[in-house]
Amino acid sequence: MNNIDSDFSLVDLEKKILTLCQSHPKGLTDSILQDEMPNVNVEQRVSALNRLLSAGNLDLFKSDSQLIYKLKDPDLVSKNAICENTQEKLVYQVIGDAGNKGIWSRDIRLKCNLQMTQLNKILRNLESKKLIKAVKSVTASKKKLYMLFNLDPDISVTGGAWYSDQDFESEFVEVLNQQCYRCLVQKVEESLNLCVNQPRISLNNSFASSEEVWKIITNLKISKVTLTVTDIETILNTLIYDGKAEMKIESDPDGQEFKLYRAVKPIIDASGLEKTPCGICPVIDQCYENGAISPATCIYMKEWLES
Amino acid sequence: MVNAVGLYGKKLVEIRPIFPNRVLNLLHYCPMSDINLCVIKLARLLFGEVVEHVVSCLAQKGGAPLRDIIQRSKLSKDEVKNSLCILLQHDLIDYTLSNTNGYLYRLKIDRILLCNRYPRYIYASKFLFGDIAELIVEEILLNGQIIKNELLDQIKSRLADIVEKDNTPPDPTEVDTAFDELARNNFIIEVGGGRMLVKSEVEQVDKMTPTTNNKPSEEVSTPKKGNKRQRSEDIPSAPVSKRLHLEEGTNEINYMMIVEVIGKKYDSIAAAIMRSMLELDANPQESDIITNAVRLKEIKSHLPKEVNVTKSILEEYLTILYEDKQLNTGDPDILHIFSEIVKRTLECLVQQRFGSNFGRIFRIIVHKKSLEQKKICDMAMLPSKDAKAILYTLMVEKFIRMQEIPRSLDCVASKTFHLFSLDILDTCTVVLSRSYKAIANSIIRRDWEVNSNRQREMRLLDKSERLKTMKKSVLANTDGNVSIDETIRELEESITPIESQQLKILREKFDR
Ligand code: SF4
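- Going by the annotation in an unreviewed UniProt entry, the name recorded for chain B is DNA-directed RNA polymerase III subunit RPC3, with Trichoplax adhaerens given as the source organism.
- Recorded in UniProt for chain B, the comment headed Function (unreviewed entry) runs: "DNA-dependent RNA polymerase catalyzes the transcription of DNA into RNA using the four ribonucleoside triphosphates as substrates. Specific core component of RNA polymerase III which synthesizes small RNAs, such as 5S rRNA and tRNAs."
- Here is the UniProt Subcellular location (unreviewed entry) comment for chain B, exactly as written: "Nucleus".

- The name recorded for chain A in an unreviewed UniProt entry is DNA-directed RNA polymerase III subunit RPC6, from Trichoplax adhaerens.
- Per UniProt, chain A carries the Sequence similarities (unreviewed entry) text "Belongs to the eukaryotic RPC34/RPC39 RNA polymerase subunit family."
- Annotation of chain A in UniProt includes, under Subcellular location (unreviewed entry), the sentence "Nucleus".

As structure tokens, then:
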């Protein structure tokens, strides 16, 4: 029981020393410790300090014939504790500077002036110690980017909601595209049914804000990842580029702008040219009367005439 | 609100009709080879092989005197003259006096290309003025130009034929009314002379020496809107004949296109309102000037009876049309609506030819005008490999163009921006020349089909004749041989059921 008590008080003591260190960035002297912890005897204090020093949490300095205890830099703690040599420390530092955007091994090599084989060894070492990790970027799938282990990669690296494991989820996008279109079509139909003989009101009601669509899509629970309104706007924009929707921007009384979308039907059905075989023919430039490729003997024409 | 609507009304109806020459300016950018091919094949389609040779000579040389045409085409003088007569009568060529070569005949390329639109002119006249107007326009287009009485007689006799079959009594006054209606709406215009004039033109031009100062009017076959054509003094006076006013017809086709687009985007009421405004706007005398605004009341009273809308609903529709920034219907310049329609047509073309992903990327470039490759890929929400492949295919097909902007002096590919952009004019030119080539190819194929069909028919007739004689000789040499029936059956079986059916049709055709 006594033992447990003493253990408990020792852990407490260590914590207290660490908090004291934080409040004295210039360092703690023995006298400060004594003043702050009058109940603790020298023995207990020394054993706590020794434990902290050996764990690498504190640094010991000597100034004017007295000892000063200072808190170690937490990064340095792990680095010094685990990095074996200066080269590893340097590589670790360079990767740390790159933040969550990561850094390409070639760039690390240039910055650290190391051989590729040497660097690869270091990177492997650091990876095995779980100090850094390699992530693949969506922009260049073959390029490995390194970043600190505890960081979440930036959206430019992961590609955001549309990527899983660096693969673009085109099917997911397609499903969302269709669902958004359905929302917009529904809105148009509702407004047509509700506002008979009120063309302008009906038209204005047939617009849906991106937020509205976002809510519907979120309620449908078709997405495993959380989608933002901006994500939905990106999808709604693809509908505009599919020629299936139009957008207008309006502002509320506070001057805040919001985007409104509406499903539209195509105004041109077909242009006629692409209905003829020559309109879509890949060899039209080599096709001449009496030539090797000629309209008279053309198989595309034959199929077209027979269909 | 009423004031505001008045303003919308004004904005909507300040319309400048598009004339063929404004639109066909694109021709200057199309490859001449495609245009010439189309023009030559159109001449063949409309007037046959002899005229095709003459047109081909003219197309190759740009302009040629009678002597040259005869030499190059290896046709007789009469054939060339007749061809020129036909072309003059249809307003497809003109001629000028040159210092060295006498009179040079030149093709009116843009006018010949309008022949492609004949079915649409006919449809427009039927849509606007009814079935009899359709017959009249068809007849005029068939003749190029025709004297009024001759035209009316022909229509009446055609009507009588139709009526005979249907057993409903003919009403000749309807023809006159339809004719007057077409004339009142500037669809038909007068050209002096008629066929007499055309013949005399060719003969006179042929006779004249280059030194003669009696230059025939250059306007000789170009109708002036609403005015009588100028005549040169030395051409004998001839009865006034009628020709279709193609500018007016083209305007109508264009207006119908706008109305159709509005109908598709909104509803039939919006389309009817647009139609009324365009009709009220049209100035039959001088259609190329900006017309005045129309009153709300006028629009309302001009609407067809089946469109029963109150004033307030009409106002709402006008506001909708005025506020439409996508189609530019609120813009006073009608060309802006057309540029939108052109863009949508190109988008539709790309989508239907290559697929929806191509359509998406093409639309992004149409919307944004010029954009970097990465940005396009991001906006299209397509796998970047696919998006890149689409961009490069569109570039190879000349729908879009690419510009490389290096970021470093050594122009490394990885550090180069690829900027994709679109020039609507360029893309239209590409599509237009493809259309002309497609038309020419279709005509070539059509002729080939007709020829080979004829050859097939001739071979079939030959075969059947041969079989007949063989049968006869077998029967004549009969000497009690029992196998004779079998031989005859074998001979009969050598004609397949399909062939015998074709023979039957052919015989019926010959009997007629
Ligand atoms: S005729 Fe046949 S080969 Fe020639 S352009 Fe047309 S489709 Fe192509």
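Let us keep going from here.
## Some thoughts on the overall build of chain A
Phase 1 of the analysis: Across its full length, chain A holds 13 helices and eleven strands.
Phase 2 of the analysis: Each of the 307 residues in chain A was classed as buried or not, and the buried ones make up 36%.
Phase 3 of the analysis: Considering only residue pairs separated by 6 or more positions, chain A has 47% of its internal contacts joining residues 24 or more positions apart.
Phase 4 of the analysis: By element, 50% of the accessible surface of chain A is carried by carbon and sulfur atoms, the whole surface being about 18900 Å².

## A look at the confidence of the model for chain A
Phase 1 of the analysis: Considering every residue of chain A, the mean pLDDT works out to 81; 90% of them sit at 70 or more.
Phase 2 of the analysis: Here residues 1-5 of chain A is a poorly scored stretch, pLDDT under 50, and it has zero contacts once near neighbours within four places are set aside; other chains count.

## Notes on the packing of helix α13 (residues 246-265) of chain B against helix α17 (residues 334-354) of chain B
Residues and elements named next belong to chain B.
Phase 1 of the analysis: The N-to-C vectors of α13 and α17 enclose an angle of 65 degrees; their axes lie 11 Å apart at closest approach. The angle between α13 and α17 places the two elements in the roughly perpendicular class. The chirality of how α13 crosses α17 is left-handed. Counting all contacts with α13, which are made through N254, Y255, M257, I258 and V261, the residues of α17 involved are I334, F338 and I341.
Phase 2 of the analysis: Among the residues making up the contact of α13 with α17, the classes are represented as seven nonpolar, one polar and no charged.

## Considering the site of the ligand
Phase 1 of the analysis: Every residue lining the ligand is accounted for by P277(A), C278(A), C281(A), I284(A), C287(A), I293(A), P295(A), C298(A), Y300(A), M301(A) and N441(B).
Phase 2 of the analysis: Residues close to the ligand are split across chains A and B.
Phase 3 of the analysis: Placement of the ligand is best described as lying within the largest cavity.
Phase 4 of the analysis: Within the shell around the ligand, the residues separate by chemical class into ten nonpolar, one polar and no charged.

## Considerations on unusual backbone geometry
Phase 1 of the analysis: Phi at N113(A) takes a positive value of approximately 55 degrees, unusual for a residue other than glycine.
Phase 2 of the analysis: Mapped onto the secondary structure, N113(A) falls in the loop between α6 (105-112) and α7 (116-128).
Phase 3 of the analysis: With a phi angle near 55 degrees, M381(B) is a residue other than glycine that sits in the positive phi range.
Phase 4 of the analysis: Here M381(B) shows up in the loop between α19 (373-380) and α20 (384-396).

## A short note on a nonpolar patch on the surface
Residue and element names in this part refer to chain A.
Phase 1 of the analysis: Residues V175, I216, L220 and I222 make up a contiguous nonpolar surface patch of about 290 Å² in total accessible area.
Phase 2 of the analysis: Position of I216 relative to the elements: it lies in helix α11 (residues 210-220).
Phase 3 of the analysis: Assessed through its relative accessible area of 38%, I216 is described here as partly exposed.

The rules we used
- Counting restarts for each chain, with residues numbered from 1 along the sequence as it is written.
- Chain labels run from A onward and ligand labels from 1 onward, assigned in the order the entries are written.
- In keeping with the predicted nature of the model, local features appear solely for residues at pLDDT of at least 70, side-chain atom pairs appear and are counted solely at 80 or more, and the whole-chain, interface and lining totals rest on all residues.
- Here the side-chain values reflect all heavy atoms present in the structure, with hydrogen atoms and water set aside.
- UniProt positions are given in the numbering used here, feature names are shortened, and annotations may be inferred rather than shown by experiment.
- Helix and strand definitions here come from DSSP, where helices need a minimum of 4 consecutive H or I residues and strands a minimum of 2 consecutive E residues; each element is numbered from the N-terminal end.
- Relative accessibility thresholds used throughout: buried, under 20% of the residue-type maximum; exposed, over 50%; partly exposed, between the two (1.4 Å probe, protein chains only).
- Every residue pair with non-hydrogen atoms within 4.5 Å of one another is taken to be in contact.
- Here, Shrake-Rupley sampling with a 1.4 Å probe gives the accessible areas, and only protein chains in the shown set may cover a residue.
- The pLDDT score gives, residue by residue, the confidence of the prediction method on a 0 to 100 scale.
- Interaxial angle, 0 to 180 degrees, is taken between N-to-C directions of lines fitted to C-alpha atoms, where a helix line uses only the stretch in contact.
- Geometric relationships in this document are graded by angle, where less than 35 degrees denotes roughly parallel, more than 145 denotes roughly antiparallel, 65 to 115 denotes roughly perpendicular, and other angles denote oblique.
- Each crossing gets its handedness from the near helix: less than a right angle anticlockwise from the far helix is left-handed, clockwise is right-handed.
- Classes in brief: Ala, Val, Leu, Ile, Met, Phe, Trp, Tyr, Cys and Pro nonpolar; Asp, Glu, Lys and Arg charged; the others, Gly included, polar.
- Definition of nearness: a residue and a molecule or strand are near each other if at least one heavy atom of the residue lies within 4 Å of the molecule or strand.
- Here a cavity denotes grid points, spaced 1 Å and computed from the protein atoms alone, that fit a 1.4 Å probe unable to get out, and a pocket denotes an open set having protein on both sides within 12 Å along at least 5 of 7 lines; residues with an atom within 4 Å of a point are the lining.
- A molecule is said to be in a cavity or pocket once over half of its atoms fall within 2 Å of that pocket's grid points.
- Surface patches are drawn from residues lacking salt bridges whose relative accessible area is over 30%; two like charges belong together within 9 Å, two nonpolar side chains (Val, Leu, Ile, Met, Phe, Trp, Tyr) within 5 Å.
- Salt bridges, as used here, are contacts in which a Lys or Arg side-chain nitrogen is within 4 Å of a carboxyl oxygen on Asp or Glu.

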